[in-house]
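So the chains spell out like this:
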Amino acid sequence: PRAVMAMRFMNGLSQIIGSLGDPKGCKMLVETLGFQHLDLEVTIPRVCIFRDAIIELLAVELGDGLSAKAKDGFEIFLNYVGGSYIY
């Protein structure tokens, strides 16, 4: 079900963002979530598509509220998470 997947996705992002102040905890959380994605073929192009879609959604929803610095931060954040899922 789409609603369940959306809830799981938002919960995962929320947990990772909440753990950014604790590097060791963040790494462990991202690794744990990465293991839950072993059944998927996570590739660099797919991470880029996913990252760009999330950034575009944020830009549409927030409009001018999404600063260039915030956009760059989300790109770095999503690259880190996606890269860890690949590794």
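The following refers to the structure shown. Please read all numbers here as calculations on a predicted model, not as lab measurements.

### A look at the overall build of the protein
So, step 1. What the protein contains, in helices and strands, is 4 helices and 0 strands.
So, step 2. If you list the helices and strands of the protein from N to C, you get α-α-α-α.
So, step 3. When the backbone C-alpha atoms are referred to their principal axes, the protein occupies close to 35 × 30 × 25 Å.
So, step 4. With 87 residues in all, the protein has 22% of them scored as buried.
So, step 5. Expressed as a percentage of contacts within the protein between residues at least 6 apart in sequence, the contacts between residues at least 24 apart total 63%.
So, step 6. Entry remark: accessible area of the protein is about 6600 Å², with carbon and sulfur atoms responsible for 65%.
So, step 7. Averaging the coordinates of the 8 positive side-chain charges in the protein and doing the same for the 10 negative ones gives two points 5 Å apart.

### Remarks on the packing of helix 1 (residues 2-18) against helix 2 (residues 23-35)
So, step 1. Close contact between helix 1 and helix 2 brings their axes to 9 Å; oriented N to C, the two are set at 160°. In terms of orientation, helix 1 lies roughly antiparallel with respect to helix 2. Once helix 1 is placed against helix 2, the crossing between them reads as left-handed. Two secondary-structure elements touch here, helix 1 through Gly-12, Gln-15 and Ile-16 and helix 2 through Cys-26, Leu-29, Val-30 and Leu-33.

### Here's the deal with the environment of Thr-43
So, step 1. The topology assignment puts Thr-43 in the loop between helix 2 and helix 3 (44-62).
So, step 2. When the C-alpha atoms of Thr-43 and Ile-86 are compared, they prove to be 6.2 Å apart, with 43 residues separating the residues in sequence.

### Here's the deal with the side chain of Ser-19
So, step 1. Along the polypeptide, Ser-19 turns up in the loop between helix 1 and helix 2.
So, step 2. Other than its neighbours up to four places away in sequence, Ser-19 contacts Gly-25, Cys-26 and Leu-29.

### Notes on the side chain of Arg-51
So, step 1. Position of Arg-51 relative to the elements: it lies in helix 3.
So, step 2. Relative accessible area serves as the criterion here: at 15%, Arg-51 is assigned to the buried category.
So, step 3. Arg-51 has contacts with Glu-75, Leu-78 and Asn-79, leaving out every residue within four places of it along the chain.

Conventions we followed
Residues numbered from 1 in each chain as written. Predicted model: local features only at pLDDT ≥ 70, side-chain atom pairs only at ≥ 80, totals over all residues. Heavy atoms only, no water. Helix = DSSP H or I, 4+ residues; strand = E, 2+ residues; numbered from the N terminus. Buried < 20%, exposed > 50% of the residue type's maximum accessible area, 1.4 Å probe, protein only. Contact = heavy atoms within 4.5 Å. Areas by Shrake-Rupley, 256 points an atom, 1.4 Å probe, with all protein chains shown as cover. Lys, Arg positive; Asp, Glu negative; His and termini not counted. Charge placed at Lys NZ, Arg CZ, Asp CG, Glu CD. Axes fitted to C-alpha atoms, helices over the stretch in contact; angles between N-to-C directions. Parallel < 35°, antiparallel > 145°, perpendicular 65-115°, else oblique. Left-handed = near helix turned anticlockwise from the far one by under 90°.

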